[in-house]
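Chain and residue survey
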Amino acid sequence: MKSVIKYKGLKRFIFIGILCCSIVTIYFFCFSSRVQIEVYNKTDFDIDSLNIDDKFYKIPKQKSLVINCRKLTIQNNLPFGSPKGILKNMPRDTMPEFLCGTGVEEIRSGKYKFDIKAFIGTDYYMLDWAEHK
């Protein structure tokens, strides 16, 4: 009788162990952040609503922000496309963005540092990525 009780307890213990391992594995592959980027605002303006990995961030002028994300699309060692963010009380450049897909790759792990710089025109601005220096 005691061996039957021990066997059921062992079965339950193994089941709970497998269940816990499955939950951790699913969380790691689906929800955990594996790319860490540090974004430096090299402009003289606060950047609001910076869109990275479908989340929005605010970076004060001349400060940096560490962002954890699941993936990052890069081209020539910089994030793909131009930064999507708002400089307060300034109209954004309305010129359509032309994106070329040559050399684009998706990164799912690692640590990266990038600068955001602003090109200020007479009545508009444009944000751009740069290598961190």
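The following paragraphs examine the structure supplied in this document.

Calculation rules
- Residues numbered from 1 in each chain as written.
- Predicted model: local features only at pLDDT ≥ 70, side-chain atom pairs only at ≥ 80, totals over all residues.
- Heavy atoms only, no water.
- Salt bridge = Lys/Arg side-chain N within 4 Å of Asp/Glu carboxyl O.
- Helix = DSSP H or I, 4+ residues; strand = E, 2+ residues; numbered from the N terminus.
- Buried < 20%, exposed > 50% of the residue type's maximum accessible area, 1.4 Å probe, protein only.
- Polar contact = N/O pair within 3.5 Å; in protein donor to acceptor, adjacent residues only side chain to side chain.
- Contact = heavy atoms within 4.5 Å.
- Pairing = 2+ DSSP bridges.
- Core = buried A, V, L, I, M, F, W, Y, C linked by side-chain atoms within 4.5 Å.
- Lys, Arg positive; Asp, Glu negative; His and termini not counted.

Attention now goes to the pattern of salt bridges. Within the structure shown, the criterion is met by two salt bridges. For E106, the salt bridge goes to K71, with nearest N and O atoms at 3.9 Å. You can see E106 sitting in strand 8 (residues 104–107) and its partner K71 sitting in the loop between strand 4 (64–69) and strand 5 (72–75), a full 35 residues away along the chain. What makes E106 partly exposed here is its relative accessible area of 40%. Between R108 and E106 there is a salt bridge, with its nearest N and O atoms 2.7 Å apart.

With that out of the way, let us pick up the side chain of N41. Mapped onto the elements, N41 comes out in strand 1 (residues 35–41). A polar side-chain atom of N41 sits 3.0 Å from the main-chain carbonyl oxygen of I59. Each residue touching N41, except ones within four places of it in the same chain, is listed here: D46, I47, I59, P60, K61, Q62, K63 and I116.

With that settled, the discussion passes to the sheet that holds strand 5. The sheet built from three strands is open, its strands ordered 6-5-8 with antiparallel pairing. Because the sheet does not close on itself, it has two edges, and the strands there are strand 6 (78–79) and strand 8. With four bridges connecting them, strand 5 and strand 8 associate as antiparallel partners. Across the sheet, I74 pairs through a bridge with E105, a residue of strand 8.

Attention now goes to the nonpolar core. Where a protein is soluble and globular, its nonpolar side chains tend to be buried together. One finds I37, V39, L50, I52, I116 and W129 to be the most contacted residues of the largest nonpolar core, which totals 20 residues. Going through the elements one at a time, strand 1, strand 2 (47–52), strand 3 (55–59), strand 4, strand 5, strand 9 (110–120) and strand 10 (125–131) are the ones with two or more residues in this core. The residues contacting V39, other than those within four sequence positions of it, are L50, I52, I59, K63, S64, L65, I67, F114, I116 and W129.

This paragraph deals with unusual backbone geometry. Despite not being glycine, D53 shows a phi value in the positive range, around 55°. With respect to the helices, strands and loops of the structure, D53 is situated in the loop between strand 2 and strand 3. Its identity as a non-glycine residue notwithstanding, D54 has a phi of 65°, on the positive side.

The topology assignment puts D44 in the loop between strand 1 and strand 2. Classification of D44 by relative accessible area gives exposed; the value is 59%. Along the primary structure D44 and Q62 are separated by 18 residues, whereas in three dimensions their C-alpha atoms are 6.8 Å apart. Aside from chain neighbours lying at most four places away, what touches D44 is K61 and Q62. A polar contact of 3.5 Å, which involves the side chain of D44, links it to the side chain of Q62.

As a further point, take the side chain of D53. Buried and unpaired, D53 has R70 as its nearest opposite-charge partner, separated by 4.2 Å. A polar side-chain atom of D53 sits 3.2 Å from the main-chain amide nitrogen of R70. Ignoring any residue separated from it by four or fewer positions in sequence, one finds D53 in contact with C69, R70 and K71.

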